[in-house]
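# Structural overview
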Amino acid sequence: PVHTYEKDGQFELRLEAMDEYGCSADTALFPLTVYPKPDLSFDLKQGPLCTTPITLSFTNTTAHADAYEWTFGNGLNSTAINPEFNMTGGPLDIHLLGNNLYGCESTLDTLVNIYVKPVASVHLEETTGCAPFLAVFENTSSDVNLYEWTFGDGQGSTLANPVYRFDEAGTYHVQLVANNDGICYDSNEVTITVLPLPEAAFSCAAFSDTTVQSNGIFLFSDASVDAIRWDWDFGDGGTSTAQNPVHRYYMNGDKAVTLIVSNQYGCLDTVREIIKPDPFGNLFVPNTFSPEIGASGAREFRPIGIGLRQFKIEIFATNGQRVWESSHLLEGQPTEAWDGYFAGNMCPPGIYWWKCSAILANGRPWMGMSFKEGSDPIREGKL
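Cut-offs applied
- Residues numbered from 1 in each chain as written.
- Predicted model: local features only at pLDDT ≥ 70, side-chain atom pairs only at ≥ 80, totals over all residues.
- Heavy atoms only, no water.
- Helix = DSSP H or I, 4+ residues; strand = E, 2+ residues; numbered from the N terminus.
- Rg over C-alpha atoms; globule rule 2.2 N^0.38 Å.
- Buried < 20%, exposed > 50% of the residue type's maximum accessible area, 1.4 Å probe, protein only.
- Contact = heavy atoms within 4.5 Å.
- Lys, Arg positive; Asp, Glu negative; His and termini not counted.
- Charge placed at Lys NZ, Arg CZ, Asp CG, Glu CD.
- Disulfide = S-S within 2.5 Å.
- Pairing = 2+ DSSP bridges.
- Axes fitted to C-alpha atoms, helices over the stretch in contact; angles between N-to-C directions.
- Salt bridge = Lys/Arg side-chain N within 4 Å of Asp/Glu carboxyl O.
- Phe/Tyr/Trp six-rings, centres within 6.5 Å; stacked < 30°, edge-to-face > 60°.

Moving on to the overall build of the chain. The number of helices and strands found in the chain is 0 helices and 35 strands. Expected size for 383 residues packed as a compact globule is a radius of gyration near 21 Å; at 48 Å, the chain overshoots this value by more than 25%. Dimensions of the chain along its principal axes, counting C-alpha atoms only, are 155 × 70 × 40 Å. The 383 residues of the chain split such that 34% are buried. Taking the intrachain contacts of the chain between residues at least 6 apart in sequence as the baseline, contacts between residues at least 24 apart amount to 53%. Looking at the chain, you have 21 positive and 47 negative side-chain charges, and the mean spots of the two groups are 26 Å apart.

This is the structure we're talking about:
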């Protein structure tokens, strides 16, 4: 048989043998001693608390042990019954091995907190920024395990490494009170400066002169508050840094205009609005050009227009022969020009006639060109 003795002490084993007939002629007795196993325990005194270094005094309260081996997590070892040493921080891992003269041994492993003087410390990458300012607090405290933060605006946290957003501009005194199990305390304070934002705003109006209506020209008026720099995006690839810019659109359709402003602190604000220009369009036809000896830009006959839905222009010699025509548009603008050649040969100098028609983006027909102030617009003329 196998039997486990749970307690130490003196025991007598008794074995009685019987044969198949139930006869018992002999009994064997055997004395058995179960030795005690060490029952490990100790008391720890720390003093004085919340100082650095702190003295640790161990009082061994083990039963049934004659020899001890202490191993501490700070690298120290001892075979003393009641060891004592100084520490500057915790917690502390403790491993105790005990044995007795019978060869029995036990181990005890435990972790205890050491109440030295704590140090509350806070690290912050940036302490100044524009509103809203996101502060990521890195807790660099030592010998603490409980935290209480106050952010200077009535809010707080008990997290070790909180993240907090300051929405309003101002100066905030952030305090950390750190402690170790509510026994030892320390505090630290950091000041955060949240800078004010400018306020981006603008208005715009279409510009019209006395000769051209709905020409795609817009006047933008800044209405921002506390801005010293302006960055405009007019939604068609055009940009400006003027405070009150003038911009001309060459394509019809809604435009998303974005204004980014900054103040003296470099803080930014953005506003974005969709403007809906009235359909615009216009066409300019030159009345002279010199393909061989003209100045730059005057060596070709190039009609210029924007916002055109349809377009056709023809040029005729004095004998009525058509020498050039074009109706090609790209994004509402004419793209072709006459270089003065016809059938591979340069046309002779002289008078030519042009004839043009167009439909503007608003569906109205082009009324023609006025080459002199007060003259009626024409849609055909000399060149």
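Within this structure, the stated rule accounts for 2 disulfides. Covalently, Cys50 is tied to Cys184 through a disulfide, its sulfur atoms 2.0 Å apart. Where Cys50 bonds to Cys184 through sulfur, the torsion about that S-S bond is close to -85 degrees, and the disulfide is left-handed. A residue pair is termed long-range when its members are at least 10 positions apart, and Cys50 in the loop between strand S3 (42-47) and strand S4 (54-60) and Cys184 in strand S18 (residues 184-195) qualify at 134 residues. Looking at Cys50, the relative accessible area reads 27%, which means it is partly exposed. For Cys184, a relative accessible area of 1% puts it in the buried group. Sequence-ordered numbering of the bonded cysteines in the chain gives a disulfide pattern of 1-3, 2-4.

Attention now moves to the sheet that holds strand S34 (residues 353-360). Read across the sheet, 4 strands follow the order S29-S28-S34-S35 without closing on themselves; strand pairing throughout is antiparallel. Pairing within the sheet leaves two strands with one partner each, and these edge strands are strand S29 (322-326) and strand S35 (380-382). Adjacent strand axes in the sheet meet at a mean angle of 15 degrees, parallel and antiparallel pairs treated alike. As judged from the 3 bridges shared by S34 and S35, these two strands associate in the antiparallel manner. For Lys355, the partnering residue across the bridge sits in S35 and is Glu380.

In this structure, the amide linkage connecting Gly47 to the following residue, Pro48, adopts the cis form with an omega of -15 degrees. Of note, Pro48 is situated in the loop between S3 and S4. The omega angle of the peptide bond from Gly90 to Pro91 is 5 degrees, so this bond is cis rather than trans. Take Pro91: it is sitting in the loop between strand S7 (84-87) and strand S8 (92-99). Residues other than glycine seldom take positive phi values, yet Asp226 does so here, at roughly 60 degrees. Here Asp226 is to be found in the loop between strand S20 (217-222) and strand S21 (229-233). What makes Asp226 exposed here is its relative accessible area of 57%. One non-glycine residue, Ala343, adopts positive backbone phi at about 55 degrees. Along the chain, Ala343 falls in the loop between strand S32 (341-342) and strand S33 (345-346).

Pairing of side chains with opposite charge becomes possible as their charged atoms draw close. Applying the stated criterion across every chain yields a total of 8 salt bridges. Residue Arg322 pairs with Glu325 through a salt bridge whose shortest N-O separation is 3.6 Å. Taking the relative accessible area as the measure of exposure, Glu325 reaches 38% and is therefore partly exposed. Residues participating in the shared-partner salt-bridge network are Lys312, Glu314, Arg322 and Glu325.

Right, let's get into the packing of aromatic side chains. Enumeration over the complete set of coordinates arrives at 26 aromatic pairs. Centroid distance Trp70 to Phe72: 6.0 Å. Interplanar angle 15 degrees. Geometry classified as stacked. Taken as a pair, Trp70 and Phe72 share a single burial class, namely buried. Summarising the aromatic geometry, the rings of Phe137 and Trp149 are spaced 5.1 Å apart at their centres and angled 45 degrees between planes, so their arrangement reads as tilted. Here the residue Phe137 occupies a position in the loop between strand S12 (133-136) and strand S13 (138-139), and Trp149 occupies one in strand S14 (residues 146-150), the gap between them amounting to 12 residues. What makes Phe137 buried here is its relative accessible area of 2%. For Trp149, a relative accessible area of 2% corresponds to the buried category.

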